[in-house]
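Below are the chains, spelled out letter by letter.
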Amino acid sequence: MSEPPSKKRALEGGKGSPVEQVTGFKNEAEKAEFMEVVGLLLGKVREGIDVWDELIEKGAQWFFDTLTGINLSKLNVGEATDVLVLLIAAYESLEKEEVRKHFLSRASVPLFMSLSKGRRELEIAGFAKLKKPLAKMEKQIAADPDAMIEERTYFPNLVASFLDRLAQCEQMLKSKKDNNMEEASIILCSRYLEFFSDLLSQMPTRRFLHAYFDDINLLTYCTTSFLYLSGASELFKGLVNLFAAVMQFPIENQTAEALTASDIETQHCTRAMVFQRVAHKNFPDKMKQASMCNLSMLDEKTQLTTFIEKLNNDELRELCGHLCIQDPDISRKVNLSRGFLTEALVLRHSKHPDHSDLNKVALYPDESVLWNTSMTPSESYTGNSPLALPKLNLQFLSIQDYLLRNFKLIQLESAYEIKEDVVDVVTRMAPAHGPGGLRYQGMHRMALPISSMQVIKVAPPPIGFTRPAHVRADVHYTLGRVARSLQNVRSEWDALRMHDVLIFVTLGRPEPNSPDERRRLGVETVRGGEVLDIRDDDGNVASGYDTGVRLVGENRHIRVALDPVAYQKDAHTDEKLYERFHLMIRRRPQENNFKAVLDTIRDLMNHPATIPDWLHDVFLGYGDADGAHYKNLENQDEDSEEEDEKEEPVIIRSPRAAEEHFLYESDIPKKHEITFSPQQAKAITTAHHPGLSLVVGPPGTGKTDVAVQIITNLYHKYPNQNTLIITHSNAALNDIFSKVMLKDVDERHLLRLGRGEKDLETNKDFSRWGRVNYMLERRQELLKRVEKLCDAVEVDTGFANTCEAAGNFFKHHVESRWERFMRDVEKSRESEKTARRVVALFPFEKYFKDASKPLWERADSFENAMATAHQAWVHLTRVFNEVADCRAFELLRTSGDRGDYLLTKQAKIIAMTCTHAALKRRDFLKLGFRYDNLIMEEAAQILEVETFIPMVLQKPLENGKSRLKRVVLIGDHNQLPPVVKNPTFQKYCKMEQSMFTRFVRLGVPTTQLDAQGRMRRQLADLFRWRYTSLSDLPHVAAPTFQKANGGFSSVFQCINVEGAKESQPQPHFYQNVKEAEFIVATYMFMRLLGYESDKITILTTYQGQKHLIKDVLNFRCKAGSYYGVHPRVSTVDKYQGQQNDFVLLSLVRTEKVGHLRDIRRLVVALSRARLGLYVFGKVELFKDVWELQRAFGELMKAPTQLAVCINEMKKGTERVAEDPGESQMIATFEQLSSTVSKMEAMVVTEDMRKAAAGKQSEQHAKPAPRQQVTSDAEKSRTFAESSTWQGERPGWYFGTGRDGLGYYLDEAGTESLQRQGK
């Protein structure tokens, strides 16, 4: 056994692994050594890093055995707490077979043998399948009392230890001797409750533990404990309430069927009637009123308690025994007081509170929520104590449970973000109260003072509700505070649109010395509202959509919808509250969808949505993981058994034959063919079938192309089905949509919803209003064609006036002529069946006079002539089919109605972001929006509930089932998850887990794309190990990927930055000056070699370092200098989904590994570069960390000092990537900086010589120089000493020297000097 310090180094980033150091134990490790390892593993658990894979890989069987066999009662408080945290992590990872094998058996059928006899009989009566296994166990135990002893006693012993700790905690609270020990004991008891709540939140463990917890009245022990009743710990009280909510959740434990409101009422009435019968039979006198009263009187705890108080202690115990609340044979050393028994009876028989009623919950957070650290923990939360918050894990009890957990977390995450916005705004605006009232000493682009605000309408409550139906208010403000020079800020305020959320703040006098942040800022009240429209003084109304309305002047009036629940509460306490707001804060659109999501969840709770039956069990995490795969579904398509087993790459083409003879260019199908690898073809084929399809796309494997081909195939294969495309970002959605536009898809069937449509790189407008205009224009074009056909067949052109008349024309004149033509051809004798005969009989020849090709160009035989005739007929039918589609736009008179028709009836491929889906769900349901297929890209980056909402945007069919036939989720769970700003919700509550990742964890079948084409083979090797199989596409062998990077010895390196130290100017704002300088110097080196700045990206793992690098760039490469436009500088998290040729990566940290330990972040960081990746950091810190070893093992193959080839003064080189060239090692930033200075002087001199050699005879007039620069040496000195370069454009180089003089070459090559003007 190694010494503890070496173990600690192993987990913090030193050599080896703690598991390696303890796998030699064959017997139970000594307690101290075991706890040392537990402590080391907890660091990873708190960071949200999986610890089980490492244990399993190292074969640490002893550790699992010890963890499940250890007696928590034998440990001290701190040790027991640590073990509990690890047990919680284990039961959250039951998808891992080894973990499941060791831990799940403790919560299984043998536990029922620990139930009281009466309760066991009740369980058997409710679920008959338990009878045989329990009877068999009884025989086994009778024969061998130690049979299944671990499974039978594990949780009883755990509960016993919890109750002992609870009693100890009571003694400490009453004695008040050791506050530290008291706090630690409270945390331990809270951890127990967290563990029990987690166990009840997933069916595999709830199925058996719920009955046991209920049988021993565990909830009653909690609610009657001194710790709960004394209010000594709000945390413990919150966790007890959470435990109560989970215990009382309405679900059938054995069948996992969610209980309806009727079922819940029936169960409650049944319990109440049993209570009445037992009371009447055994206590007819004292309990007469209770046994004869209306059942509703037993709903309330107070009334039930009143009835019970009539019994003495012995009678109360007898009643509890009859109702199976107290086991007569109970052996626990706990004094079951009268209060305990009364509480147990009341909890069992009173009506449980409805935790699912969200209609009484305000959607916007107020000041009481924003500054409540138990609800919205700060970034400084360490994970040392639990929180009374729900978690998102593998499984959910029901859809209702799923929605409730997500509602709470979305609400609190938004509260955290809003609090950060309010603090930032108030701090920067620096409000000050003076004699003249409130004034602001600063400004913020996201906030404006409110001139006045008044509530204008409070609608009466709907039937069944007490809150108002809606509340409207007008907010008046002016843009005068925003300087006219900041026109972009003014435009942003005028761009507010419907559904945007505003935050309103009332400010009081700040208390600078207060420990309460809210008081220090002077914030009194915070409320929210949703924008309905915005007006100016002239009455112009803008909704933010591109309607052409422009607001004038500086005064603005916004109509907002306030939260009815919050308003109802405020109206009882302060009617004037909404008239006293001082500030209005707007938020960034991409962060402002929380209200729409919460509103949608509330709607789904009020009116439960339907998801496909085939998806239900997999969605909740039950049953077979592959139950939603097309091979396991009934009523498949008739061709669903077909498999694409081709080994070679295939080309999936549009269904129209390439050899068809098209008469008009508009009839020619778009050809945008892509060669797909076998695995890509498999993903496309699988998605073609009904059911759930998951496509895992590693970096550079063509996820978007696969998605586009799936959409195109479904469009052609199922023309009557609609496909909905969902992504997280507008950029990704536009990328897919643009590629779909290139496919053979009729553009009248395409629709792009949401504000990101304007960023599409096309001149066409694919928004709802743009498509309406397109259809109206298209109608005119088509009717002109109809008129032309009328002339061709010599019929009155009046048929071309309307689409309805055109339809009649087709039916009575066009079809009849075609049918007569076909009959005449068929009746012709064989000898008459010639091309000439076809040409003579064809009735529409005049119409095709303007065809792109002569109509009968291929009429060299009868067959070819008939083929041409059929092609002409196809063209005509297509025209009239389009005319029929345009008819609705004739009948509908308003743009709104036309847009609704387009969405619900005509569009076949509809694209929107998940945010837009949440915003518009209510409108979609009203319109009757329908879709059959859901294709979701970036699925691993979308929050759980935001993935769910697009599945329920339509009403169910008449039979009550969902219309949805296919769900295709495309993403990569090995890259970064959805963005959750609060680290507590991210790690503790597992809010960062996407549905895509959860499905992968559950074992849902996936198709992984296995060939990347983005980057060099050597760069792909850095993360290739993370995927099951990842090869390279053939084009990676192209010369571009084979040549070395000029000036660099290697295509990738991990450069050790010696002497670098991390700093933290403010919490979590990490910076590293030496790394920043080294990276900027490397960028300057690359620019001097000729690398283009837009081909270089600088990435870092921390926001603080990003800002520092930008500052260094501004200082070293000032605007307009020779180095040109600065490169893109971003954090790794923000750069996911993007790429560039060359990436410079700063790791920042020098003391701890930090969040790069999350291997998903590492994969993103290493997969952004196509040609060159250069990593800067403290190599010793990262290279031996277990999670990072594989990647850094590849990086360590190159030198850890920057290896450059100084002799290659150009970006281009003929060296191959494997050839290191004549390299020179650069160990420090100072050495590189010196090299860059020398190169700069050389480049300047070379540029001057080239310019002088290219002087032309005709020269422009030049200003008289104060000083003549004659020699190249002096020119070089002048430029080398320049503090800034002022510009770079063809033929024009200009710099400013220390003496204020500048040397430049004008466009004619004339040399001159002049003093630099201001």
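From a predicted model like this one, the values you see are computed outputs, not experimental measurements. (Residues numbered from 1 in each chain as written. Predicted model: local features only at pLDDT ≥ 70, side-chain atom pairs only at ≥ 80, totals over all residues. Heavy atoms only, no water.)

A. Representation of the overall build of the chain. Scanning the chain from N- to C-terminus turns up 48 helices and 32 strands. Taken over 1318 residues, the chain has a buried fraction of 54%. Counted over contacts in the chain with a minimum sequence separation of 6, partners at least 24 positions apart contribute 74%. (Helix = DSSP H or I, 4+ residues; strand = E, 2+ residues; numbered from the N terminus. Buried < 20%, exposed > 50% of the residue type's maximum accessible area, 1.4 Å probe, protein only. Contact = heavy atoms within 4.5 Å.)

B. Molecular detail of the sheet that holds strand E22 (residues 1052-1056). Ordered by their spatial adjacency, 5 strands build an open sheet running E22-E26-E25-E23-E24, and the pairing between neighbours is parallel. Across the chains shown, the open sheet's two edge strands, defined by having one partner strand only, are E22 and strand E24 (1128-1131). The mean angle between the axes of side-by-side strands here comes to 20°, regardless of whether they run parallel or antiparallel. Taken together, the 6 bridges between strand E25 (residues 1140-1146) and strand E26 (residues 1169-1177) define a ladder with parallel strand orientation. (Pairing = 2+ DSSP bridges. Axes fitted to C-alpha atoms, helices over the stretch in contact; angles between N-to-C directions.)

C. Up close: the nonpolar core. Counting residues in hydrophobic clusters, the biggest one holds 144 residues, and the most contacted among them are Phe619, Leu692, Leu789, Phe842, Phe844, Phe848 and Phe948. Top element by residues in this core is helix H22 (residues 399-429). It accounts for 16 residues. Within the second largest apolar cluster, 103 residues are counted, among which are Ala89, Val109, Leu188 and Leu319. (Core = buried A, V, L, I, M, F, W, Y, C linked by side-chain atoms within 4.5 Å.)

D. Summary view of the side chain of arginine 778. Take arginine 778: it is sitting in helix H31 (residues 768-792). A relative accessible area of 13% means that arginine 778 is categorised as buried. Sequence-distant contacts of arginine 778, defined by excluding residues within four places in its chain, comprise Arg785 and Glu882.

E. Fine view of the sheet that holds strand E15 (residues 750-752). Pairing is parallel across the open sheet formed by 7 strands, whose spatial order is E15-E16-E14-E17-E18-E13-E19. Whereas interior strands pair on both sides, the edge strands pair on one side only; in this sheet they are E15 and strand E19 (1006-1008). Direction aside, neighbouring strands of the sheet carry axes that sit 15° apart on average. Across 3 bridges, E15 lies against strand E16 (residues 909-913) in parallel orientation. Bridging from a neighbouring strand, leucine 750 pairs with isoleucine 909 of E16. Taken strand by strand, helix H29 (residues 703-717) contacts strand E14 (723-727), E16, strand E17 (933-936) and strand E18 (966-971), and its axis lies near 165° from that of E18. Against the sheet, helix H39 (residues 995-1002) engages strand E13 (691-696), E18 and E19, with an angle of about 95° to E13.

F. Spotlight on unusual backbone geometry. Positive phi values are uncommon outside glycine, yet methionine 148 reaches one of about 50°. Relative to the helices and strands, methionine 148 is located in the loop between helix H9 (131-143) and helix H10 (149-175). For histidine 499, which is not glycine, the phi dihedral falls at a positive 85°. Among the structural elements, histidine 499 can be located in the loop between helix H23 (487-494) and strand E6 (501-507).

G. Geometry of the pattern of salt bridges. Counted by the stated rule, this structure contains 78 salt bridges. With a shortest N-O distance of 2.8 Å, lysine 44 and glutamate 54 are connected by a salt bridge. Residue lysine 44 is located in helix H3 (residues 31-46), and its partner glutamate 54 is located in helix H4 (residues 52-57); the two are separated by 10 residues in the primary sequence. By relative accessible area, lysine 44 is classed as buried at 3%. For aspartate 424, the salt bridge is made with arginine 428, and the minimal N-O distance between the two is 3.1 Å. Linking aspartate 424 with arginine 428, this pair stays in helix H22, spanning 4 residues, or about one helical turn. (Salt bridge = Lys/Arg side-chain N within 4 Å of Asp/Glu carboxyl O.)

H. How the structure looks around the packing of aromatic side chains. Counting across every chain of the model gives 52 aromatic pairs. Pairing phenylalanine 162 with tyrosine 192 gives two aromatic rings, centres 5.3 Å apart and planes at 50°, and the pair type is tilted. Placement of the pair is phenylalanine 162 in helix H10 and tyrosine 192 in helix H11 (residues 179-200), with a sequence separation of 30 residues. Residues phenylalanine 162 and tyrosine 192 agree in their burial class; the two are buried. With 5.4 Å between their ring centres and 65° between their planes, tyrosine 402 and phenylalanine 948 make a pair best called edge-to-face. Placement of tyrosine 402 in helix H22 and of phenylalanine 948 in helix H37 (residues 944-948) is noted, with a sequence separation of 546 residues between them. Stacked on the ring of tryptophan 769, the Lys or Arg arginine 768 has its end atom at 5.9 Å from the ring centre. A cation sits over an aromatic face here: lysine 788 above tyrosine 847, 4.4 Å from the ring centre. (Phe/Tyr/Trp six-rings, centres within 6.5 Å; stacked < 30°, edge-to-face > 60°. Lys NZ or Arg CZ within 6 Å of the ring centre and 35° of its normal.)

I. Region of interest: the side chain of arginine 748. One can find arginine 748 in the loop between helix H30 (730-741) and E15. Of the polar contacts made by the side chain of arginine 748, one reaches the side chain of aspartate 746; its length is 2.3 Å. In terms of polar contacts, arginine 748 uses its side chain to reach the side chain of aspartate 885, at 2.9 Å. With residues near it in sequence (within four places) discarded, arginine 748 still touches Tyr774, Met775, Glu882, Asp885 and Gln906. (Polar contact = N/O pair within 3.5 Å; in protein donor to acceptor, adjacent residues only side chain to side chain.)

J. Region of interest: the environment of glutamate 182. Considering the arrangement of structural elements, one finds glutamate 182 in helix H11. Look at glutamate 182 and you get buried, because its relative accessible area is 17%. The spatial distance from the C-alpha of glutamate 182 to the C-alpha of cysteine 169 is 6.7 Å, given a sequence separation of 13 residues. Ignoring any residue separated from it by four or fewer positions in sequence, one finds glutamate 182 in contact with Met172, Leu173 and Lys176.

K. View of the packing of helix H16 (residues 261-282) against helix H19 (residues 313-322). It is at 10 Å that the axes of H16 and H19 come closest, and there the two elements cross at 135°. Taken together, the axes of H16 and H19 lie oblique to each other. The handedness of the crossing between H16 and H19 is right-handed. Counted together, Phe275, Val278 and Asn282 of H16 and Glu318, Leu319 and His322 of H19 form the full contact between these two elements. (Parallel < 35°, antiparallel > 145°, perpendicular 65-115°, else oblique. Left-handed = near helix turned anticlockwise from the far one by under 90°.)

L. Layout of the packing of helix H12 (residues 203-215) against helix H15 (residues 234-247). Two elements in contact, H12 and H15, have axes separated by 11 Å at closest approach and are oriented at 115°. Accordingly, the angle class assigned to the pair H12 and H15 is roughly perpendicular. Crossing of H12 against H15: the hand is left-handed. Counted together, Arg206, His210, Phe213 and Asp214 of H12 and Phe243, Val246 and Met247 of H15 form the full contact between these two elements.

M. Spatial organisation of the pairing of E14. Counting buried positions along E14 gives 5 out of 5 residues, so the element sits mostly inside the fold. Neither face of E14 is left uncovered, since the one carrying Thr723, Ile725 and Thr727 and the one carrying Leu724 and Ile726 both have all their residues buried. Bridging between E14 and E16 involves 5 bridges; their strand directions are parallel. By the bridge assignment, threonine 727 is partnered in E16 with threonine 913. As paired strands, E14 and E17 are joined by 4 bridges and run parallel to one another. Of the residues in E17, the one forming a bridge with leucine 724 is leucine 934.

N. Highlighting helix H18 (residues 301-308). Burial in H18 covers these residues: Leu304, Phe307 and Ile308. On an axial view of H18, the arc spanned by its buried residues comes to 100°, and they lie on one face. Residues of H18 that are buried in the fold lie against H16, helix H17 (288-292), H19 and helix H20 (338-349). (Arc of directions from axis to C-beta.)

O. How the structure looks around the environment of glutamate 777. Checked against the element boundaries, glutamate 777 lands in helix H31. A residue is classified by how much of its surface remains accessible, and glutamate 777, at 52% relative accessible area, is exposed. When the C-alpha atoms of glutamate 777 and cysteine 886 are compared, they prove to be 9.9 Å apart, with 109 residues separating the residues in sequence.

That is the geometry; function is a separate question.
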